[in-house]
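Chain by chain, the residues:
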Amino acid sequence: MAVQSPVQLIQTRFRLDLVDGWGLTPGAQVLEVGCGQGDMTAALADAVGPEGHVLGVDIASPGYGAPVTLGQSAAHLAATPLGERIEFRFECDILDRATSFPAAAFDDVVLSQCSWYFASLGQLRQTLARVRPWARRLRFAEWDLTASSPRQLPHLLAVLIQGQIEASGCHGDGNVRTPFSRQALLDILAETGWQIDGQRMVDTAGLQDADWEIDTCLQLLADDSRLAVLPPALADLIACQGDLLRQTARHFGNLPLPCYSVTAH
Ligand SMILES: C[S@@+](CC[C@H](N)C(=O)[O-])C[C@H]1O[C@@H](n2cnc3c(N)ncnc32)[C@H](O)[C@@H]1O
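Residues numbered from 1 in each chain as written. Predicted model: local features only at pLDDT ≥ 70, side-chain atom pairs only at ≥ 80, totals over all residues. Heavy atoms only, no water.

A. Quick peek at helix α1 (residues 6–22). Over its 17 residues, α1 extends 25 Å from the first C-alpha to the last, a length consistent with the 24 Å expected when each residue adds 1.5 Å. Taken together, the buried positions of α1 are occupied by Q11, T12, F14, R15, L18, V19 and W22. Along the axis of α1, the buried positions cluster into a sector of 155 degrees, meaning they face one direction only. Summarising the geometry of α1, the exposed residues directed more than 90 degrees from the buried face are P6, R13 and D20. On its buried face, α1 sits against α2 (39–48), β4 (106–112), β5 (135–143), β6 (196–202), α7 (209–221) and β7 (259–264). Taken from the residues just after α1, G23 is the one with a positive phi, measuring 55 degrees. (Helix = DSSP H or I, 4+ residues; strand = E, 2+ residues; numbered from the N terminus. Expected span 1.5 Å × (residues − 1). Buried < 20%, exposed > 50% of the residue type's maximum accessible area, 1.4 Å probe, protein only. Arc of directions from axis to C-beta. Contact = heavy atoms within 4.5 Å.)

Structure representation (C-alpha cells):
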C-alpha cells in the first residue's frame, strides 16, 4: 500500500499490525462495521488479497468527518489498486431490517475502534447479536480504559468527559459517545453468542489519537450550548474534570491509551 503523509503512515502501520494479528485468509469475505474513512478497510483489503472483498458500512453520511469526509476518503480509495476489493455503504444501519445478509455470508466481521462511537452499549449489543449469524469469526479492537501510565490520563479523562456528557442525554453527532471497559465487551460477547478465541494488546505508541481526542473534548467543554443543558451537579463535576484535563494535558505529544484486540467465533 502506498501511503504518503507521516500521520497517515503511523495510522496505517497501526492497523496493519492489528490485521496481521488477526490472520485473515487470502480470498476472505469481510464485513467491516463502523468503517469511517476506511483506514482499517484499506488494511483489510490488503490482507485479503485480490480474490478477497471488504464491505465497509457506516451509519454516518458521506459528508461526515473532518478534515476528510467519509465520501472523499472512499472516492480516494476507490481509485487505488485496492479499490476493486472494497465496497462502502454509508448511512447504513446494521440494525435496520432493510440491511440483511445470508447466514455465513462473511468469513470475518470486523469492528475496529468504532464501538465507543456507538450511541449506547445497548446499540452495540444489538449490533453484535445481529451480525452473529452473518459471519464465522469476529475481529474486534478498541481503546482500553486501563491506563498504565500517568501520561495516558489526559486521554482517559477526555473520553470519560465526553461519555458523561452523552450519558446525561445531551447528545452530540459524532466522536466518543460510549466509552466502556474491556470487561463490558467480554460480557456482551458472551450474551450475544460469540465465543472468545484470544485477546492481545496492540502497541499504540506514536498514534496521535490522544491529542485529537483531547482537542475534541476541550472544544466540547468550550461549547456553552452543550453544557448549559446538563444537570447542575453534573455540569460542576464535568467542569472540574475539564480543569484537570487542561492542567495535565500537553499541547501535543500526549500518550494514547492502550488498545486491545479480541477475536471470537
Ligand atoms: C473512529 S471512526 C472509524 C474508525 C475505523 N474503524 C478505523 O479503524 O479507521 C468510528 C465510526 O463508527 C461509526 N459508527 C458509530 N456508530 C455506528 C453504528 N451503530 N453502526 C455503524 N457505524 C457506526 C461512526 O459513524 C464513525 O465513522
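B. Spotlight on the pairing of β4. Burial within β4 is extensive, with seven of its seven residues counted as buried. Pairing of strand β1 (residues 29–33) with β4, which is carried by four bridges, proceeds in the parallel orientation. Across the sheet, residue L31 finds its bridge partner in β4, namely V109. Between the parallel elements β4 and β5, the chain passes through helix α4 (residues 121–131) in a crossover that is right-handed. (Pairing = 2+ DSSP bridges. Right-handed = clockwise from strand over helix to strand, strands pointing away.)

C. Focus on the packing of aromatic side chains. Inspection of every chain in the model, using the stated rule, returns four aromatic pairs. Aromatic side chains F140 and Y260 sit 6.3 Å apart centroid to centroid with 25 degrees between the ring planes, which places their arrangement in the stacked category. On the criterion of sequence distance, the pair formed by F140 in strand β5 and Y260 in strand β7 is long-range, its members being 120 residues apart. Neither F140 nor Y260 differs from the other in exposure class; each is buried. Chaining the aromatic ring pairs together yields one cluster made of F101, F106 and W134. Its guanidinium or amino end placed over the ring of W194, R132 lies 3.7 Å from that ring's centre, counting from NZ or CZ. (Phe/Tyr/Trp six-rings, centres within 6.5 Å; stacked < 30°, edge-to-face > 60°. Lys NZ or Arg CZ within 6 Å of the ring centre and 35° of its normal.)

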